[in-house]
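# What the coordinates show
Residues per chain are reported as follows:
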Amino acid sequence: MRKIILQLAVSLDSFIEGPNGEFDWCFTDQDYGMSAFLDRVDTIFTGRKTYELLLGLGEHGKAAFPPLKYYVFSRTLSGVEKGDCLVKGDIEKEIFNIKNSPGKDIWLFGGANLTSSLMQLGLVDEIALAVHPVLLGEGKPLFTALPGRINLQFTGSKVYSTGLVFLTYRVLYN
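Starting from 1, residues in each chain are numbered consecutively following that chain's sequence as written. Local features in this predicted model are restricted to residues whose pLDDT is 70 or higher, and side-chain atom pairs enter the listing and the counts only when it is 80 or higher, whereas totals over whole chains, interfaces and linings include all residues. Values reported for side chains reflect all heavy atoms of the structure, with hydrogen atoms and water molecules removed beforehand.

## Some details on helix α3 (residues 91–99)
Per-residue accessibility, obtained with a 1.4 Å probe over protein chains only, is compared with the maximum for each type, and a residue is labelled buried under 20%, exposed over 50%, and partly exposed between these values. Only runs of H or I of at least four residues qualify as helices and only runs of E of at least two qualify as strands under DSSP, and these elements are numbered from the N terminus. All of the buried residues in α3 are I91, I95, I98 and K99. Taken around the axis of α3, the buried residues stretch over an arc of 95°, which confines them to a single face. Turned more than 90 degrees away from the buried face of α3, the exposed residues are K93 and F96. Buried residues belonging to α3 abut β1 (4–11), β3 (41–47), β4 (69–73), β5 (85–87), β6 (105–110) and α4 (112–120). Of all possible arcs, the one meant is that of the directions from the helix axis to the C-beta atoms. A contact between two residues is defined here by any heavy atoms of the two lying within 4.5 Å.

Given below as structure tokens:
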């Protein structure tokens, strides 16, 4: 069965974006293991806001990634780009079908609402965080509305010369 991996950048104080939606604090000066990660996945899960952000970034957004299969989870979108899939309705059933289909692992890229929903359903298998050495003070937190305590098993780390620390965990649902 394919794994769902929440992999994204986070500030040291656990924000995924600043108070005005900014992410200019994310390091882009080197690969930070992204190429190896992209070799591991062939599918990406996003929410509407993240999907629209990726489309709006041109060559630095959706076009910057290899040909991944996009699943966009939204109650409000009426359509997505050709080749992408819009998921509405019973997301648990849809995700079960995707996880059990042939392919590589699945990248859960955003956003916070989709992450919360998948954590509540017990569907996230791994968490990989690129912790940036910055304190934003406020912004959008990574985790909200969790169903309670969720234990994690540490599986690895890598420290970069810039101070970025990449942490990986296996999710242990009770």
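Here the narrative resumes, following the displayed structure.
## What about the pairing of β3?
Among the 7 residues in β3, 6 count as buried, and that is most of the element. When DSSP locates at least two bridges between a pair of strands, those strands are taken to pair. In the sheet, β3 pairs with β6 via 5 bridges, with the strands oriented parallel. When the bridges of β6 are listed, F45 appears paired with L108. Inspection of the sheet shows β3 paired to β4 by 5 bridges, in the parallel sense.

## A look at the packing of aromatic side chains
A pair of Phe, Tyr and Trp rings is counted when the ring centres sit within 6.5 Å of each other, with Trp represented by its six-membered ring. The angle between the planes then sorts it: under 30 degrees is stacked, over 60 is edge-to-face, the rest tilted. Within the structure shown, the criterion is met by 8 aromatic pairs. For the ring pair F37 and W107, a centre distance of 5.4 Å and an interplane angle of 85° mean the geometry is edge-to-face. One end of the pair, F37, is in helix α1 (residues 34–40); the other, W107, is in strand β6, and 70 residues separate them in sequence. Here F37 matches W107 in class, with each residue buried. Feature note: the residues F27, Y32 and Y160 constitute an aromatic cluster, connected by ring pairs. Charge-over-ring contacts are defined here by two conditions on Lys NZ or Arg CZ: a distance within 6 Å of the ring centre and an angle within 35 degrees of the ring normal. The aromatic ring of Y71 is capped on one face by K69, whose charged end is 5.9 Å from the ring centroid. Over the face of the ring belonging to Y160 we find K158, whose NZ or CZ atom lies 5.3 Å from the ring centre.

## Brief notes about the environment of V165
You can see V165 is positioned in strand β10 (residues 165–172). With relative accessibility at 24%, the residue V165 sits in the partly exposed group. Considering only alpha carbons, one finds V165 and V131, 34 residues apart in sequence, at a separation of 5.2 Å. With residues near it in sequence (within four places) discarded, V165 still touches L129, A130, V131, K158 and V159.

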